[in-house]
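# Examination of the molecular architecture
Chain by chain, the residues:
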Amino acid sequence: MNEDFKKNVAIPYFKDIYKDLAAQSDSKSKGINKVSILNYTQLPGIIGERFFTVLDLNSSGYIDLKEFVHGFFKIYYSDNDTKMKLAFDIYDFDHDGYIIQEDVRLILSHVPIDNSVSGSVAKEGTFTMSGGGS
Ligand SMILES: [Ca+2]
């Protein structure tokens, strides 16, 4: 990534978001609390919990500025290997380097598959007015 973009655009942008979220925390000095992360990301159930845990590198129960910027860089500006590692870490509940069947079952049970699939199919039919979507 372009260093100018990183320094002048991405980091100030993430810092702004951090400041807003940390302002809602019960301990501004420690960082963003879990409730604020869950509200901000709107990730469902256990997935939001896992996302918070993965961001909280020092397991302090709060996301400090460094953890926040680091984590959001991984999501938006990292290579595929780093993104895959992030996804892996979300699945790997006990952080032992392995994903077991139960990890996958738990995560997938919180993915709202039904709504997104039927919703988009219905919308597409309405938009194109084809395939009997009327
Ligand atoms: Ca932390």
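Residues numbered from 1 in each chain as written. Predicted model: local features only at pLDDT ≥ 70, side-chain atom pairs only at ≥ 80, totals over all residues.

We now examine the overall build of the protein. Each helix and strand in the protein was counted, giving seven helices and zero strands. Ordered by position from N to C terminus, the α and β elements of the protein give α-α-α-α-α-α-α. Every one of the 134 residues in the protein was classed for burial, and the buried ones make up 11%. Residue pairs in contact within the protein that sit at least 24 positions apart in sequence constitute 47% of those at least 6 positions apart. (Helix = DSSP H or I, 4+ residues; strand = E, 2+ residues; numbered from the N terminus. Buried ≥ 20, exposed ≤ 12 C-beta atoms within 10 Å, placed from the backbone. Contact = placed C-beta atoms within 7 Å.)

For Gln42, which is not glycine, the phi torsion reads 60° and is therefore positive. Position of Gln42 among the secondary structure elements: in the loop between helix 2 (34–41) and helix 3 (45–55). Take Gln42: there are 7 C-beta atoms within 10 Å of it, and that puts it in the exposed class.

Before going further, it helps to spend a moment on the nonpolar core. One finds Tyr18, Ala22, Ile32, Ile37, Phe51, Phe52, Leu55, Tyr62, Ile63 and Phe68 forming the largest nonpolar core, which totals 10 residues. Those elements that provide at least two residues to this core are helix 1 (3–23) and helix 3. The greatest single-element share of this core, amounting to three residues, is contributed by helix 3. Sequence-distant contacts of Tyr18, that is, excluding residues within four places in its chain, are made with Ile32, Leu65 and Phe68. (Core = buried A, V, L, I, M, F, W, Y, C linked by C-beta atoms within 7 Å.)

A separate point is the environment of Gly61. Looking at the secondary structure, you find Gly61 in the loop between helix 3 and helix 4 (65–77). You can call Gly61 partly exposed: it has 13 C-beta atoms within 10 Å. For the pair Gly61 and Ile32, spaced 29 residues apart in sequence, the C-alpha separation works out to 8.7 Å.

Attention now moves to the confidence of the model for the protein. Summary statistics for the protein give a mean pLDDT of 87 and a share of 83% for residues scoring 70 or more. Confidence, read as mean pLDDT per element, is least for helix 7 (residues 113–128) in the protein (53) and greatest for helix 2 (96). (pLDDT = per-residue confidence, 0-100.)

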